[in-house]
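# Reading the structure
Each chain, letter by letter, is given below.
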Amino acid sequence: MKVVLPGGTGQVGTVLDRALTAAGHEVTVLTRHPVRARQVGWDGATLGRWAETIDGSDVVINLAGRSVSCRYTAENLRAMMDSRVDSARVVGEAIAAAARPPRVWLQMSTATIYAHRFDAANDEATGVIGGSETGVPDYWAYSVGIARNWERAQAEAATPATRKVALRAAMVMSPDRGGVFDVLLGLARLGLGGPVAGGAQYVSWIHEEDFVRAMEFLIDRDDIDGPVNLASPGPLPQRDFMRALRTARGIPVGLPATRWMAELGAFALRSDTELLLKSRRVVPGRLREAGFDFRYRAWQPAVMDLVRRVRSARAA
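The structure contained in this document is the topic of the report that follows. (Residues numbered from 1 in each chain as written. Predicted model: local features only at pLDDT ≥ 70, side-chain atom pairs only at ≥ 80, totals over all residues. Heavy atoms only, no water.)

It is worth spelling out the pattern of salt bridges at this point. Side chains that differ in charge, positive against negative, can pair when their charged atoms come close. Applying the stated criterion to the full structure yields 19 salt bridges. Between Arg213 and Asp210 there is a salt bridge, with the nearest N and O atoms lying 2.9 Å from each other. Here Asp210 and Arg213 lie together in helix H5 (residues 208-220), a separation of 3 residues that amounts to about one turn. Where Arg243 meets Asp240, a salt bridge forms, and the shortest distance between an N and an O atom there is 2.7 Å. With Arg243 and Asp240 both in helix H6 (residues 238-249), this residue pair falls 3 residues apart, about one helical turn. (Salt bridge = Lys/Arg side-chain N within 4 Å of Asp/Glu carboxyl O. Helix = DSSP H or I, 4+ residues; strand = E, 2+ residues; numbered from the N terminus.)

With that out of the way, let us pick up empty space enclosed by the protein. Under the defined criterion, the tally for this structure stands at 1 cavity of 30 Å³ or more. Taken as a whole, the largest cavity encloses approximately 30 Å³ of empty space. Here the lining of the largest cavity is composed, by residue class, of 4 nonpolar, 2 polar and 2 charged. (1 Å grid on protein atoms, 1.4 Å probe; cavity = no way out; pocket = protein on both sides within 12 Å on 5 of 7 lines; lining within 4 Å. Points joined across faces, edges and corners; volume = space filled by probe spheres on them. Nonpolar A, V, L, I, M, F, W, Y, C, P; charged D, E, K, R; others polar.)

Applying the stated criterion across every chain, the model contains 7 aromatic pairs. With 6.4 Å between their ring centres and 75° between their planes, Phe181 and Trp299 make a pair best called edge-to-face. Here Phe181 is found in helix H4 (residues 180-189), whereas its partner Trp299 is found in helix H10 (residues 299-315), with 118 residues between them in sequence. When the centroid spacing of 4.3 Å and the interplanar angle of 10° are considered together, the rings of Phe241 and Trp299 count as stacked. (Phe/Tyr/Trp six-rings, centres within 6.5 Å; stacked < 30°, edge-to-face > 60°.)

This brings us to the sheet that holds strand S6 (residues 163-169). A sheet is described by the order of its strands in space; here 7 strands give the open sequence S3-S2-S1-S4-S5-S6-S10, paired in parallel fashion. For this open sheet the edge positions go to strand S3 (39-41) and strand S10 (226-230), each flanked by a neighbour on one side alone. Between one strand and the next, the sheet's axes are offset by a mean angle of 20°, whatever the strand orientation. Pairing of strand S2 (residues 26-31) with S3 involves 3 bridges; the strand directions are parallel. Residue Leu30 lies in a different strand from S3, and its bridge partner there is Val40. Those strands touched by helix H3 (residues 140-155) are strand S5 (104-108), S6 and S10, and its axis lies near 170° from that of S6. (Pairing = 2+ DSSP bridges. Axes fitted to C-alpha atoms, helices over the stretch in contact; angles between N-to-C directions. Contact = heavy atoms within 4.5 Å.)

It is worth spelling out the packing of helix H2 (residues 74-97) against H3 at this point. It is the contact of H2 with H3, at a shortest axis distance of 8 Å, that shows an interaxial angle of 10°. One element, H2, and the other, H3, form an angle in the roughly parallel class. Of the residues in H3, those touching H2 at Leu77, Arg78, Met80, Met81, Arg84, Val85, Ala88 and Arg89 are Tyr142, Gly145, Ile146, Asn149, Trp150 and Ala153. Looking at the contact of H2 with H3 residue by residue, the classes come out as 9 nonpolar, 2 polar and 3 charged. (Parallel < 35°, antiparallel > 145°, perpendicular 65-115°, else oblique.)

Here we take up unusual backbone geometry. A positive phi angle, close to 75°, is found at Arg38, a residue other than glycine. Positionally, Arg38 belongs in the loop between S2 and S3. Even without glycine at this site, Ala197 takes up a positive phi of about 50°. Structurally, the position occupied by Ala197 is in the loop between H4 and strand S8 (202-203).

Bringing the environment of Ala79 into the picture now. Turning to its location among the elements, Ala79 is positioned in helix H2. The spatial distance from the C-alpha of Ala79 to the C-alpha of Ser67 is 9.4 Å, given a sequence separation of 12 residues.

What follows concerns the pairing of strand S1 (residues 2-6). Most of S1 sits inside the fold, with 4 of its 5 residues counted as buried. In this structure, S1 lies alongside S2, joined through 5 bridges in parallel fashion. In the strand pairing of S2, Lys2 is matched with Glu26. Remark: the S1/helix H1 (residues 11-22)/S2 crossover connection has right-handed handedness. One ladder, built from 2 bridges, connects S1 with strand S4 (residues 59-62); its direction is parallel. (Buried < 20%, exposed > 50% of the residue type's maximum accessible area, 1.4 Å probe, protein only. Right-handed = clockwise from strand over helix to strand, strands pointing away.)

Let us look at the layout of surface pockets. Reported here for the second largest pocket is a volume of approximately 170 Å³. Lining the second largest pocket are Gly8, Thr9, Thr14, Asp17, Arg18, Val29, His33, Val35, Arg36, Ala37, Arg38 and Gln39. Sorting elements by how many residues they give to the lining of the second largest pocket places H1 first, with 3 residues.

Structure (structure tokens):
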């Protein structure tokens, strides 16, 4: 199977590239800065010779977009919007122009599209799209707008021969250095792995193994298109999420942080508190209905596996 990964050099792209290559597939990564074999340069906004990699491919998995791990300034928010919408648009143009278009286009989106809520979980059928919540910072609506426009760019692409799936992904947990789990583990080691602003906000996540398996499942299932939540069935409050992480790593104490302390910490890390404070209670309705079997449904066994693999890698 020939797979093209636009934006495939980040954490999620590394996970997919590694797994798909190990499974024997031919993977080409589109990146602004190609340095290895199987990497092809592109700018994420305009058609070029890179489009030749899409013509004749079987699957395109577009992961491109500026990292959300940044301060949410007006400039960064605009860059986050443009990089996502432009890349989805130009991938659609490349598929539309292909003599032999791929049979499926999996387009990264985000679970952040759903509303900040505590009362019920968001699935694809009954979930509440965010942007109009009360009692949250106004700029949180911009993140929802990014997700909406990201998905719209794919949906409006004229690619009748190619099935399209929008991946509303939660945080992908892998043991790789620099990934989200590595950051959380580092905070816990510093004693900062306690509840943030009370810790009632929900954390949605997916183990890397289930993420890869879900992608393979969606590639094979010709009857599934449109938005699909990529999240474990077991979202949990942030205080419980971090308690399980500390327990798995053998860290007895995690200092709690107030909202203003979280603001200071996010500023120091050049990040934003939306990533800590928004309640993302997302569940995989369509995957479960289609019969997908999660290997890591609950966070405790998932975090135990991740910690074990981090220790093993760093002891090697």
